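Summary of structural features
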Amino acid sequence: EVNGVSPRMFTDLRNDGPHRLLRDRRGNLVVIECPGVVDYAAIANVGMSAWELEFLTFNELRVLVLDELSRRTGKLLLTCTVMDMSHASLMPNPFAPRVEKEGKKAASAVSDVAKAVYPTTTFRTYMINLSETTAKMAGPAVKAFVPARSAAKLKIFGQDFKPALLEGVHPSNLPERLGGELPNGEQWVWIDKKSKKK
């Protein structure tokens, strides 16, 4: 129930286990997220304590996995995050229900705690499927407000993301939806449902 609030994909689930970690061409851990399907109102339903525990447990697990991968390979490995921004809004919705606003505020607070406690693990972040207008505006905004070192890690795309993404991540480590070979996760089922409602 907690995982359903904000599903993410970082393993190949085609067998019963052990599940293969998704890796980019350099060996970094690939984590795929869809901010547009995060159900902030549901955070209140599952309870803040349960949400916070799941969020921080995932971050702890990620750090442990990266430490072990780095130890085994003899080089520092980090996280390559792919964020499918379909249906995600970069602007706050002033008309959102109160429970949704409270959930979003709580999620932001937990995220701030994680940033303060855990080391930076970002190698690269791909933000994909932004509207063309937003993608064009986001680039200059990032360069203006984000430190150069962090901005260099962020790659922003509209729907023309596949060549750049596949250059960094082999298709065997991506779902079909993103130009890969793996089955699509449940988050894209939710994205399609949102598309049909429009």
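Before reading further, recall that the structure is shown in the block above.
Below is a short write-up of the structure. Bear in mind that the values here come from a model prediction, so they are computed numbers and not experimental data.

What counts, and at which threshold
- Residues numbered from 1 in each chain as written.
- Predicted model: local features only at pLDDT ≥ 70, side-chain atom pairs only at ≥ 80, totals over all residues.
- Heavy atoms only, no water.
- Helix = DSSP H or I, 4+ residues; strand = E, 2+ residues; numbered from the N terminus.
- Rg over C-alpha atoms; globule rule 2.2 N^0.38 Å.
- Buried < 20%, exposed > 50% of the residue type's maximum accessible area, 1.4 Å probe, protein only.
- Areas by Shrake-Rupley, 256 points an atom, 1.4 Å probe, with all protein chains shown as cover.
- Lys, Arg positive; Asp, Glu negative; His and termini not counted.
- Charge placed at Lys NZ, Arg CZ, Asp CG, Glu CD.
- Salt bridge = Lys/Arg side-chain N within 4 Å of Asp/Glu carboxyl O.
- Pairing = 2+ DSSP bridges.
- Contact = heavy atoms within 4.5 Å.
- Axes fitted to C-alpha atoms, helices over the stretch in contact; angles between N-to-C directions.
- Disulfide = S-S within 2.5 Å.

Right, let's talk about the overall build of the protein chain for a bit. Check the secondary structure of the protein chain and you find seven helices and seven strands. Moving toward the C terminus, one meets the helices and strands of the protein chain in the order β-β-β-β-α-α-β-α-β-α-α-β-α-α. At 17 Å, the protein chain has a C-alpha radius of gyration in line with the 16 Å of a compact globule built from 198 residues. For the C-alpha atoms alone, the extent of the protein chain along its principal axes is close to 50 × 40 × 35 Å. Per-residue burial over the protein chain gives 40% buried out of 198 residues. Roughly 11700 Å² of accessible area belongs to the protein chain as shown, and the carbon and sulfur atoms make up 56% of that amount. If the 28 positive side-chain charges of the protein chain are averaged to one point and the 22 negative ones to another, these points end up 5 Å apart.

This brings us to the pattern of salt bridges. Under the defined criterion, the tally for this structure stands at six salt bridges. Of the charged contacts in the structure, one is a salt bridge between Arg 20 and Asp 12, with a shortest N-O distance of 3.4 Å. Arg 72 is the partner of Glu 68 in a salt bridge, and the nearest nitrogen-oxygen pair spans 2.8 Å. Highlighted residues: Glu 68 and Arg 72, both in helix α2 (residues 48-73), separated by four residues, approximately one helical turn. On the basis of relative accessibility, which here comes to 27%, the residue Glu 68 falls in the partly exposed class. With relative accessibility at 64%, the residue Arg 72 sits in the exposed group.

Attention shifts here to the sheet that holds strand β5 (residues 79-84). Ordered in space as β1-β4-β5-β6-β7, the five strands form an open sheet in which the pairing is mixed. Only two strands of the sheet have a single neighbouring strand rather than two, namely β1 (8-9) and β7 (154-156). Against the sheet, α2 contacts β1, β4 (29-33) and β5, and its axis sits at roughly 155° relative to β4.

Moving on, we come to the state of the cysteines. A full pass over the atoms with the stated rule returns zero disulfides. Free of any disulfide, Cys 34 has its nearest neighbouring cysteine sulfur in Cys 80, separated by 14 Å. What makes Cys 34 buried here is its relative accessible area of 3%.

Located in the positive-phi region is Asn 129, a residue other than glycine, with phi close to 65°. Within the secondary structure, Asn 129 is located in the loop between β6 (122-128) and α4 (132-145).

To continue, consider the pairing of β5. Burial of β5 is extensive: five of the six residues sit out of reach of the surface. As judged from the five bridges shared by β4 and β5, these two strands associate in the parallel manner. Across the sheet, residue Val 31 finds its bridge partner in β5, namely Thr 81. Relative to β6, β5 is paired through six bridges, and the arrangement is parallel. When the bridges of β6 are listed, Met 83 appears paired with Met 127.

Turning next to the side chain of Thr 121. Within the secondary structure, Thr 121 sits in the loop between α3 (98-117) and β6. Once you skip the residues sitting within four places of it in the chain, Thr 121 turns out to touch Arg 62, Val 63, Leu 66, Leu 78 and Thr 79.

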